[in-house]
Amino acid sequence: MQGIIIATAAVGIIGLIMGLLLIMVDKKFKVETDPRVDAIREHLPGNNCGACGYAGCDAMAAAIACQEAPANGCPVGGNAVADKIAKIMGVEIESTEKMTAFVKCSGDCDNAVPRAHYVGINDCSAACASGLSPWACDYGCLGFGSCAAACPFDAISIENGVAVVDRLKCRACGKCVAACPKHLIEMVPDKSVYAVRCANRDRGPAVKKACSAGCIACRLCEKQCSFDAVHVEDNISHIDYEKCTGCGKCAEKCPVNVIAKRVP
């Protein structure tokens, strides 16, 4: 009995000593953290999408706190989050314009001319790698949804064979832009009213053979614009969003309705 008591006491003493040693080691080697990191992290969206260029929101918060990243470095949070973080950091920032993704293609199943039946991995990059395009237009949306799969906000869907962005859900993370092997998705100002839904750089006759809704570079939009906001370059119409007033005259004159009014 006495042996058991002695053994129990010994174990207890050893445990106490080890606990004290651990406390001493923790205090000696404790890494001090910037309290601003936690404060910043609370305001970041928490999607860990990587759009900021860092591994996740935790890494982004640490980078902002040590001034490796700007207070408005999170494209997903927008100006509201940036303002809160700027106050924590004690800095002033300029408001950035809200951007949303836009798909430069109107070649859906009703407009695009089919070329072949693709059988393979249901992925746009895989389809491109095969060298076989199911559509006659080599520039258009393949419709396999790689962009939709990459979007962490469920802001993209495939409708009638072409990708469509829900502007109300889009957070401008850029994941869809990186996922599209055709480079059909771009970030445009969310306030923009009209956009060109085409990326085909072929000449008019070739475009017509491939898609009934492709830009034919007729320049009617360019001639109609009173604000010098529309120009045809490389056989396709482009809108300068800084000059565009959203009057819609270019869209009214477009014979193929490729200049579309953006909808939520």
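**Examining the overall build of the protein chain**
Then step 1. Looking only at helices and strands, the protein chain has 10 helices and eight strands in total.
Then step 2. For the protein chain, whose C-alpha radius of gyration is 28 Å, the value lies well above the compact-globule estimate of 18 Å for 264 residues.
Then step 3. When the backbone C-alpha atoms are referred to their principal axes, the protein chain occupies close to 100 × 50 × 25 Å.
Then step 4. Expressed as a percentage of its 264 residues, the buried residues of the protein chain come to 37%.
Then step 5. Within the protein chain, contacts between residues at least 6 apart in sequence are counted, and of these 57% link residues at least 24 apart.
Then step 6. Taken as a whole, the protein chain presents about 15,300 Å² of accessible surface, with 55% of it coming from carbon and sulfur.
Then step 7. Across the protein chain, the 28 positively charged side chains and the 28 negatively charged ones have centroids separated by 4 Å.

**Some details on the packing of aromatic side chains**
Then step 1. In this structure the tally under the stated criterion is one aromatic pair.
Then step 2. Judged by centre distance (5.1 Å) and plane angle (50 degrees), the rings of Y118 and F144 are tilted. Residue Y118 is located in the loop between strand 1 (99-103) and helix 5 (124-130), and its partner F144 is located in the loop between helix 5 and helix 6 (146-150); the two are separated by 26 residues in the primary sequence.

**Observations concerning a nonpolar patch on the surface**
Then step 1. Taken together, I13, I14, I17, M18, L21 and M24 make up a surface patch of nonpolar side chains, about 600 Å² in accessible area.
Then step 2. On the secondary structure map, L21 appears in helix 1 (residues 2-29).

**Considering the nonpolar core**
Then step 1. I40, L44, I64, I85, I156 and I185 are the most contacted members of the largest nonpolar core, which totals 36 residues.
Then step 2. Looking at this core, the elements with two or more residues in it are helix 3 (57-65), helix 4 (78-89), strand 1 and strand 3 (162-165).
Then step 3. If you tally residues by element for this core, the top one is helix 3, at six residues.
Then step 4. The contact partners of I85, leaving out residues within four places of it in the chain, are I40, H43, L44, I64 and A71.
Then step 5. With 17 residues, the next largest nonpolar core counts Y194, C225, I239 and C250 among its residues.

**Some words on the pairing of strand 6 (residues 230-233)**
Then step 1. Residue alternation in strand 6 divides its side chains into a buried set, V230 and V232, and an unburied set, H231 and E233.
Then step 2. Inspection of the sheet shows strand 6 paired to strand 7 (residues 236-239) by four bridges, in the antiparallel sense. Its bridge partner being in strand 7, V232 is matched across the sheet by S237.
Then step 3. Joining the antiparallel neighbours strand 6 and strand 7 is a turn of two residues, in which D234 adopts a positive phi near 55 degrees.

**Points about the pattern of salt bridges**
Then step 1. Across all of its chains, the model carries 10 salt bridges by this definition.
Then step 2. In this structure, D138 and R115 form a salt bridge, with 3.0 Å as the shortest nitrogen-oxygen distance. Highlighted residues: D138 in the loop between helix 5 and helix 6 and R115 in the loop between strand 1 and helix 5, separated in sequence by 23 residues.
Then step 3. Taking relative accessible area as the criterion, D138 reaches 43% and is therefore assigned partly exposed.
Then step 4. The partly exposed category is assigned to R115, whose relative accessible area is 42%.
Then step 5. Residues D234 and R201 are paired through a salt bridge, measuring 3.5 Å at the closest nitrogen-oxygen approach. Of the two residues, D234 is situated in the loop between strand 6 and strand 7 and R201 in the loop between strand 5 (194-196) and helix 8 (204-210); the sequence distance between them amounts to 33 residues.

**A closer look at unusual backbone geometry**
Then step 1. A positive phi is found at D154, a non-glycine position, where the angle reads about 55 degrees.
Then step 2. Here D154 lies in the loop between helix 6 and strand 2 (156-159).
Then step 3. Take D154: its relative accessible area is 55%, and that puts it in the exposed class.

**Here we look at the environment of C254**
Then step 1. Summarising the element assignment, C254 is placed in the loop between helix 10 (249-253) and strand 8 (259-261).
Then step 2. Assessed through its relative accessible area of 9%, C254 is described here as buried.
Then step 3. Separated by 140 residues in the primary sequence, C254 and P114 have C-alpha atoms spaced 24 Å apart.

**Quick notes on helix 4**
Then step 1. The terminal C-alpha atoms of helix 4, which comprises 12 residues, lie 17 Å apart, in line with the 16 Å expected from a rise of 1.5 Å per residue.
Then step 2. The secondary structure elements touched by the buried residues of helix 4 are helix 2 (35-43) and helix 3.
Then step 3. Once helix 4 finishes, G90 follows within two positions and takes phi at roughly 70 degrees, a positive value.

The rules behind each value
Per chain, the residues get numbers from 1 upward, laid out in the order the sequence is written. Local features in this predicted model are restricted to residues whose pLDDT is 70 or higher, and side-chain atom pairs enter the listing and the counts only when it is 80 or higher, whereas totals over whole chains, interfaces and linings include all residues. Side-chain metrics in this entry use all non-hydrogen atoms of the structure; hydrogen atoms and water are not considered. Only runs of H or I of at least four residues qualify as helices and only runs of E of at least two qualify as strands under DSSP, and these elements are numbered from the N terminus. Here the radius of gyration uses the C-alpha set of atoms, whereas the globule reference equals 2.2 Å times the residue count to the power 0.38. Whether a residue is buried, partly exposed or exposed follows from its accessible area with a 1.4 Å probe, protein chains only, as a fraction of its type maximum: under 20%, in between, or over 50%, in that order. It only takes one pair of heavy atoms within 4.5 Å for two residues to be counted as in contact. Areas reported as accessible are Shrake-Rupley estimates using a 1.4 Å probe. Residue values count occlusion only from the protein chains shown. For the purpose of charge, His is not counted, nor are the chain termini; Lys and Arg are scored as positive and Asp and Glu as negative. Where a charge sits is defined by one atom per residue type, namely NZ (Lys), CZ (Arg), CG (Asp) or CD (Glu). Pairs were defined over the aromatic rings of Phe, Tyr and Trp, the Trp ring being its six-membered one, requiring ring centres within 6.5 Å. Orientation was assigned from the angle between planes: stacked under 30 degrees, edge-to-face over 60, tilted for the rest. Patch membership is restricted to residues that have no salt bridge and whose relative accessible area is over 30%. Joining uses 9 Å for like charges and 5 Å for the nonpolar side chains Val, Leu, Ile, Met, Phe, Trp and Tyr. For this document, the term salt bridge refers to a Lys or Arg side-chain nitrogen within 4 Å of an Asp or Glu carboxyl oxygen. As used in this record, nonpolar core signifies buried Ala, Val, Leu, Ile, Met, Phe, Trp, Tyr and Cys residues forming a set joined through side-chain atoms within 4.5 Å. When DSSP finds at least two bridges between two strands, those strands are taken to pair. In this scheme, a helix's expected span is set at 1.5 Å multiplied by one less than its residue total.

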